[in-house]
Amino acid sequence: MGLTNTASVLRRRSERRREDELSSWFKASPDPLFMLDERGCLLRCNEAARRSCLGDLRVGQPIHAAMATEWQLQAQKAITRCSRERRPLQV
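Residues numbered from 1 in each chain as written. Predicted model: local features only at pLDDT ≥ 70, side-chain atom pairs only at ≥ 80, totals over all residues. Heavy atoms only, no water.

Q: How should the side chain of asparagine 46 be read in this particular structure?
A: Along the polypeptide, asparagine 46 turns up in the loop between strand 2 (42-45) and helix 2 (47-54). For asparagine 46, a relative accessible area of 5% translates into the label buried. At 3.5 Å, the side chain of asparagine 46 forms a polar contact with the backbone oxygen of serine 29. Leave out the neighbours within four places in its chain, and asparagine 46 touches Phe26, Ser29, Asp31, Pro32 and Leu33. (Helix = DSSP H or I, 4+ residues; strand = E, 2+ residues; numbered from the N terminus. Buried < 20%, exposed > 50% of the residue type's maximum accessible area, 1.4 Å probe, protein only. Polar contact = N/O pair within 3.5 Å; in protein donor to acceptor, adjacent residues only side chain to side chain. Contact = heavy atoms within 4.5 Å.)

In structure tokens form, the structure reads like this:
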């Protein structure tokens, strides 16, 4: 196996390990956790988030669809700011 293939295999293993850790963290947390893309669309969530604030929101839908109208613009601004600054949004 060449150096390029070895690096590729190690990178995939590392990515799988990170994904496994993230999935475990989401499953184990009693707190609502969810991940959004840069547009504010749901990528994943845990059961606590589904029960407490997301309801029937589906992966790919914008998070503001699960919010009261008066909070939607504020949420979209916060998502845009955090995406631009490449930092997590804490609610």
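Q: What is the right way to read the pattern of salt bridges from this model?
A: Side-chain pairing between opposite charges can occur once the charged atoms of the two side chains come close. A complete count under the given rule lists three salt bridges for this structure. For arginine 39, the salt bridge identified is with aspartate 37, shortest N-O distance 2.9 Å. Residue classification places aspartate 37 among the buried positions, given a relative accessible area of 15%. Between arginine 87 and glutamate 85 there is a salt bridge, and its shortest N-O distance comes to 2.5 Å. (Salt bridge = Lys/Arg side-chain N within 4 Å of Asp/Glu carboxyl O.)

Q: For this particular structure, what's the right way to read the packing of aromatic side chains?
A: Given two aromatic rings, one states the distance between the centres and the angle between the planes to describe the pair. For the structure shown, the criterion picks out one aromatic pair. Its guanidinium or amino end placed over the ring of phenylalanine 26, arginine 44 lies 5.1 Å from that ring's centre, counting from NZ or CZ. (Phe/Tyr/Trp six-rings, centres within 6.5 Å; stacked < 30°, edge-to-face > 60°. Lys NZ or Arg CZ within 6 Å of the ring centre and 35° of its normal.)

Q: Is there a simple way to explain helix 2 in this structure?
A: Every α-helix winds through 3.6 residues per turn, so residues three or four apart in the chain are directed the same way. Those residues of helix 2 not exposed but buried are Ala48, Ala49 and Leu54. Each buried residue of helix 2 sits inside an arc of 135 degrees when the element is viewed along its axis, so together they form one side. For helix 2, the exposed residues lying more than 90 degrees away from the buried face are Glu47 and Arg51. Among the residues trailing helix 2, glycine 55 stands out with phi positive, at a value near 55 degrees. (Arc of directions from axis to C-beta.)

These figures come from the coordinates and say nothing about function on their own.
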